[in-house]
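Examining the three-dimensional arrangement
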Amino acid sequence: MNGSLSNSAVVVLGGGRGLGCVLEALRGQDAELTVIVSIANDQDGQELPNARAAEDLRRSLEALTGEEGALLRAIRRPLTLGRLGEAPLGNLVIGSVASAFGDYGKASKWLGEKLGVAGAVLPATSQPVAREIEPVADGSTDVASAASGPELRRLRFASEQIETPAAVISAIEEAQWVLIAPGSFYRSVLSTAAVPAVASALSQTHGQVVWIANVAPGSREAAGMAGVDYLRALRLHGVRADAVLHDPSATLRFDEAVLASYGVRSVARPLCSHRDRGLHDPARLHAALDEMIGARVIASVGD
């Protein structure tokens with residue numbers, strides 16, 4: 001998949017399978033790429049919480065590794081630690097190195113250098129933070145939550161002081177394109193983009209912020225939400241989006257006029273996989289991103 005994404009500073013935010021699809025769509029390009037993921041944990045008493053927090057860091061490093069090698073195979077290897085449960089070796093390595101460095105960003109950079117990764121994979125927070133997903137409080141005056149539609153839920157980080165690596169902020173502020181990947185809306189998208197310092201950087205960047213919408217409704221936290229409700233939720237959490245890249249044939253639909261009423265551009269392209277309509281097709285996504293970024297389908301923010 002060769003195209004004209006080269007010489008663009010591109011930041012991708014997200015996690016899980018949706019992020020992996022975007023990274024596959026961008027594979028082989030010369031873009032200056034920075035990947036930002038969440039290392040937040042649910043407050044559910046899960047085993048090996050720090051290893052679980054490193055999952056998207058490891059997966060993203062794997063996706064950006066150019067050649068299959070012994071180290072890449074090793075970090076994928078699952079290990080079972082007695083009653084603590086199972087986790088890939090790479091997760092444990094990142095967690096251990098992060099403890100030594102005192103920073104997950106430095107740990108990811110260290111492992112990325114060992115793997116020969118081009119680009120950077122960074123955590124949205126320097127350390128894992130606990131998160132909760134809760135109903136919006138009654139009486140909220142927020143415009144997004146007051147709009148018609150189903151009751152939204154709010155993602156809340158348990159810690160009042162959350163440190164975000166400086167490299168994350170500078171990457172977003174200097175990017176020509178910021179792509180918010182599809183995926184689990186609360187546990188991947190908002191857990192990354194709604195981190196206070198990340199959301200603030202998104203609001204200030206001169207680049208284009210494009211949300212790549214899911215092609216099908218998401219998890220139980222997003223049950224009953226229509227396309228525009230996802231946009232309402234982004235607004236509720238202070239997350240900027242200049243455009244929505246979506247498939248008009250997908251189950252999750254977006255109305256161009258409604259998006260325009262929010263000041264958001266509609267970029268409609270075929271994105272669904274032929275095999276599974278609930279997933280994006282990496283080749284189709286590559287073509288859409290190549291057209292959008294290479295040919296600048298969307299006008300610059302200042303135009």
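Residues numbered from 1 in each chain as written. Predicted model: local features only at pLDDT ≥ 70, side-chain atom pairs only at ≥ 80, totals over all residues. Heavy atoms only, no water.

Before going further, it helps to spend a moment on the environment of Tyr230. The residue Tyr230 is located in helix α11 (residues 227-236) in this model. When near neighbours in sequence (up to four residues on either side) are disregarded, Tyr230 contacts Phe185, Trp211, Pro217, Gly218, Ala222, Met225 and Leu252. (Helix = DSSP H or I, 4+ residues; strand = E, 2+ residues; numbered from the N terminus. Contact = heavy atoms within 4.5 Å.)

With that settled, consider the sheet that holds strand β3 (residues 41-42). Ordered in space as β3-β7-β8, the 3 strands form an open sheet in which the pairing is mixed. Unpaired on one side and paired on the other, β3 and β8 (153-157) mark the two borders of the sheet. Here 2 bridges tie β3 to strand β7 (residues 130-135), and the two strands are oriented parallel to one another. Within β7, the position partnered with Asn41 by the bridge is Ala130. Contacts from helix α9 (residues 185-193) reach β3, β7 and β8, with the element oriented near 60° to β8. (Pairing = 2+ DSSP bridges. Axes fitted to C-alpha atoms, helices over the stretch in contact; angles between N-to-C directions.)

Running from N to C, α9 and α11 cross one another at 40°; their axes reach a closest spacing of 11 Å. With respect to α11, the element α9 is oriented oblique. The handedness of the crossing between α9 and α11 is right-handed. Between α9, through Phe185, Tyr186, Val189 and Leu190, and α11, the contact on the second element is made entirely by Tyr230, Ala233 and Leu234. Residue composition of the contact of α9 with α11, grouped by class: 7 nonpolar, no polar and no charged. (Parallel < 35°, antiparallel > 145°, perpendicular 65-115°, else oblique. Left-handed = near helix turned anticlockwise from the far one by under 90°. Nonpolar A, V, L, I, M, F, W, Y, C, P; charged D, E, K, R; others polar.)

As a further point, take helix α3 (residues 55-64). In terms of burial, α3 is largely enclosed, as 9 of its 10 residues are buried. Burial in α3 covers these residues: Glu55, Asp56, Leu57, Arg58, Ser60, Leu61, Glu62, Ala63 and Leu64. (Buried < 20%, exposed > 50% of the residue type's maximum accessible area, 1.4 Å probe, protein only.)

Our focus in this paragraph is the nonpolar core. In this structure, Ile172, Phe185, Trp211 and Leu234 are the most contacted members of the largest nonpolar core, which totals 46 residues. Mapped onto this core, the elements with two or more residues apiece are β1 (9-14), β8, α8 (166-174), β9 (177-180), α9, α10 (196-204), β10 (208-212) and α11. Dropping the residues within four chain positions of it, Leu234 is found in contact with Phe185, Val189, Leu190, Trp211, Val239 and Ala241. In terms of nonpolar packing, the next biggest core, distinct from the first, is built from 44 residues, Ala63, Leu64, Ala181 and Leu271 among them. (Core = buried A, V, L, I, M, F, W, Y, C linked by side-chain atoms within 4.5 Å.)

Residue-level pLDDT values for the protein average 85, and 85% of them are 70 or greater. The model gives residues 139-147 a pLDDT under 50, and that stretch makes 11 contacts with residues more than four places away or in other chains. With pLDDT under 50 throughout, residues 299-303 is counted as low confidence; its partners more than four residues away or in other chains account for 9 contacts. (pLDDT = per-residue confidence, 0-100.)

On to the sheet that holds strand β12 (residues 265-268). Here we have 7 strands laid out as an open sheet, ordered β6-β2-β1-β9-β10-β11-β12, and parallel in their pairing. Two strands close off the open sheet at either side, each with one partner strand: β6 (120-123) and β12. Mean inter-strand twist for the sheet, computed between neighbouring axes without regard to direction, equals 20°. Here 4 bridges tie β1 to β9, and the two strands are oriented parallel to one another. Bridging from a neighbouring strand, Val12 pairs with Leu179 of β9. Packing of α9 onto the sheet brings it into contact with β1, β2 (32-37), β9 and β10, and relative to β1 it is tilted by some 135°.

Before going further, it helps to spend a moment on the side chain of Arg240. Within the fold, Arg240 resides in the loop between α11 and β11 (243-246). Judged by its relative accessible area of 15%, Arg240 is buried. From its side chain, Arg240 meets the backbone oxygen of Gly207 in a polar contact 3.0 Å long. A polar contact is formed between the side chain of Arg240 and the side chain of Asp242, at a distance of 2.8 Å. (Polar contact = N/O pair within 3.5 Å; in protein donor to acceptor, adjacent residues only side chain to side chain.)

A few words on the pattern of salt bridges. In total, this model carries 9 salt bridges according to the counting rule given. Measuring nitrogen to oxygen at the nearest pair gives 2.5 Å for the salt bridge that ties Glu62 to Arg58. You can see Glu62 and its partner Arg58 sitting in helix α3, 4 residues apart, about one turn around the helix. An identical accessibility class is assigned to Glu62 and Arg58; each is buried. A salt bridge links Arg156 to Glu134; the shortest N-O distance between them is 3.6 Å. Here Glu134 lies in strand β7 and Arg156 lies in strand β8, a separation of 22 residues in the sequence. Arg156 sits in the partly exposed class, given a relative accessible area of 32%. A residue is classified by how much of its surface remains accessible, and Glu134, at 26% relative accessible area, is partly exposed. Shared partners join several salt bridges into a network, and the residues in it are Glu55, Arg58, Arg59, Glu62 and Arg76. (Salt bridge = Lys/Arg side-chain N within 4 Å of Asp/Glu carboxyl O.)

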